[in-house]
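Analysis of the macromolecular model
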Protein chains: 2
Amino acid sequence: MIADALFAAPDEIVPAQAPREASRLTRKLEAFLPFDEEERDALDHIVELNVRHFPAGSILVEPGSSPREVMIMMEGWAVRSKPIDAGRQIVALHLPGDICDFNALLTRRADCAIEAASDVRVACINHRMMSDITRRFPRIGQAFWCDSLSAASVQREWTVNVATRNARARMSHLLCELHARLFLTGEADAGGYDMPLRQTDLGNACGLTPETSSRVLARLKADRLVRLKDRRVEIMQAGALLLSAGYNAQYLHLNQTDDMFRTLFKN
Amino acid sequence: MIADALFAAPDEIVPAQAPREASRLTRKLEAFLPFDEEERDALDHIVELNVRHFPAGSILVEPGSSPREVMIMMEGWAVRSKPIDAGRQIVALHLPGDICDFNALLTRRADCAIEAASDVRVACINHRMMSDITRRFPRIGQAFWCDSLSAASVQREWTVNVATRNARARMSHLLCELHARLFLTGEADAGGYDMPLRQTDLGNACGLTPETSSRVLARLKADRLVRLKDRRVEIMQAGALLLSAGYNAQYLHLNQTDDMFRTLFKN
DNA sequence: CGACCCGTTGATATGGCTCAAACCGGGTGG
DNA sequence: CCACCCGGTTTGAGCCATATCAACGGGTCG
């Protein structure tokens, strides 16, 4: 299936043999580097200290505000967007396990809005706790760092997506990416995943209007690549979807996508 | 002028009172948090240990290769791009002072190519030295981290750029961004900056074809917003250029761009 | 001198935006 | 229970910005 597409170094990924029911955060971070018991406990502990619930539609971070805490998605999706005259542009999707506001540490004022796309559970960690844990457990800090690099890599891919691909390919690409990322935390299975966003938002994330988004998804459905039914995406033909996303180019130039395609074209 | 646009927390920026001729790296990092003498020395030292020169056009990082060193731009520009069928998409520009391959620490295989756009001087730091210095000087590590967050913020802005703006606004935006970033390291003055890229590359960075790039730049020149002459960009009307870039929207919604505009509309 | 790359200019094609209208399901209030 | 509304989706028609294709000029380098 589509998983493992974005996160290279496949031989270091050990989501399967996680020894116990791990939080999504540890599960994701351990895809970068494995923790020992102590580190895992510390992380789980700090994350449980201050969990907040928000209903769908809540504003988690106001653009221009000065958030004083790092937020970690424990459950549900959030949307990061920038205001654009009389509208917004979605620049990132924060899924369970994502650390979604590192920037709070750097900038006085948030440059993006973050909004709950579904009911969410968020772990809030203030700056002091953050520096504490990274000082006491350098490897956790390192994992955080890996995570932000990974997020940057995703962001570059989004740039490529809107800059080079047509509407159909963009949407396909987004659907593939979501699958890969959700799979990492066990949020998705081979067949698909729950997806709380409106079509409008999916389109916006690819730089498309709601109308085009609707048309493109209709075509993908008609072509039997995906099925979309009450907040769930079923991936019916992973290989065809990847081709539609324009991954074929990378495939021909064979680089880090090898492993993914090896998995994919088995069926 | 355009500087300070991208890097919030203006009251923590102290490029002016840097006590001596600092390297571009320290100069940039100290825009995030100031160092003491010891830290500054350590950083300058490690950076000078292994400097390499590359002529314009050299491939610094091959996509799919496994770079074993972090690279820091000391002089000259580099272009980060992703291969796209029979072409490439530029996803980032690495200017003097930029740390341009943190990813080497995370991923086995580079997902991007990095190419020297001009003759460049690059400091190469292997993983061991990197972890050494961040362990011995946590504040340096923190500054590195800030830098990568800042780069991520720039990346988001690029996504917005290609997703929402028309050709003219995209190009204007890019020219503004470059000014702001170069100004931070003293590479640009109020009037403009040296710019080694071809028009083709400028366009590519905004998701435009060379033809459109040419036409758009011609219009910007005709409208007396900028002047482009032998590898130099002269910014003639910063205010108008910002408007052309579509910054007006943010201005109306007043957030972190306040300071920039206050400076800008003085003249 | 020719080859090549980059930039320019023109003509044409087209993908996605815009505008507009209708539809649909769910929630709300009478 | 129905009527209504509202946000999201769907569908249609036309238009516009930018890609595409093509040809040429001008500088540079071998």
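Below or above, wherever it landed, is the structure these notes cover.

Cut-off values and rules
- Residues numbered from 1 in each chain as written.
- Chains lettered and ligands numbered in written order.
- Predicted model: local features only at pLDDT ≥ 70, side-chain atom pairs only at ≥ 80, totals over all residues.
- Heavy atoms only, no water.
- Salt bridge = Lys/Arg side-chain N within 4 Å of Asp/Glu carboxyl O.
- Helix = DSSP H or I, 4+ residues; strand = E, 2+ residues; numbered from the N terminus.
- Buried < 20%, exposed > 50% of the residue type's maximum accessible area, 1.4 Å probe, protein only.
- Pairing = 2+ DSSP bridges.
- Axes fitted to C-alpha atoms, helices over the stretch in contact; angles between N-to-C directions.
- Contact = heavy atoms within 4.5 Å.
- Core = buried A, V, L, I, M, F, W, Y, C linked by side-chain atoms within 4.5 Å.

**Thoughts on the pattern of salt bridges**
Residues and elements named next belong to chain B.
- In this structure the tally under the stated criterion is 44 salt bridges over all chains.
- A salt bridge links E30 to R40, with the shortest nitrogen-to-oxygen separation between them at 3.2 Å. Taken as a pair, E30 in the loop between α1 (24-29) and α2 (37-49) and R40 in helix α2 lie far apart in primary sequence, 10 residues in all.
- The class for E30 is buried, based on a relative accessible area of 7%.

**What to know about the sheet that holds strand β1 (residues 51-54) of chain B**
All names here are of chain B.
- Sheet architecture is open: three strands sit in the order β1-β7-β3, paired in antiparallel fashion. The strands lining the two open edges of the sheet, one partner per strand, are β1 and β3 (69-75). Direction aside, neighbouring strands of the sheet carry axes that sit 35° apart on average.
- Judged from the six bridges that link them, β3 and strand β7 (residues 120-126) form a sheet pairing that is antiparallel. Bridging from a neighbouring strand, E75 pairs with R121 of β7.
- Relative to β7, helix α3 (residues 127-136) is tilted by about 75°, and along the sheet it contacts β3 and β7.

**Let's talk about the nonpolar core**
- The biggest cluster of nonpolar side chains holds 52 residues, and the ones touching the most others in it are A:L29, A:L43, A:F144, B:L29, B:L43 and B:F144.
- Those residues within four positions of A:F144 in sequence are excluded, and the remaining contacts are A:L29, A:L43, A:I99, A:F102, A:M130, A:I133 and A:T134.

**Description of the sheet that holds strand β4 (residues 78-84) of chain A**
- Pairing in this open sheet of four strands is antiparallel, and the strands run β2-β6-β4-β5 (chain A) from one edge to the other. Every interior strand has two partners, whereas the edge strands, β2 (59-61) and β5 (87-94) of chain A, have only one. The sheet shows a mean angle of 35° between the axes of neighbouring strands, direction not considered.
- Note: β4(A) against strand β6 (residues 113-116) of chain A, four bridges, orientation antiparallel. Pairing of A:A78 across the sheet is with A:A116, part of β6(A).
- The sheet strands contacting helix α4 (residues 138-164) of chain B are β4 and β5 of chain A, and the helix crosses β4(A) at an angle near 65°.

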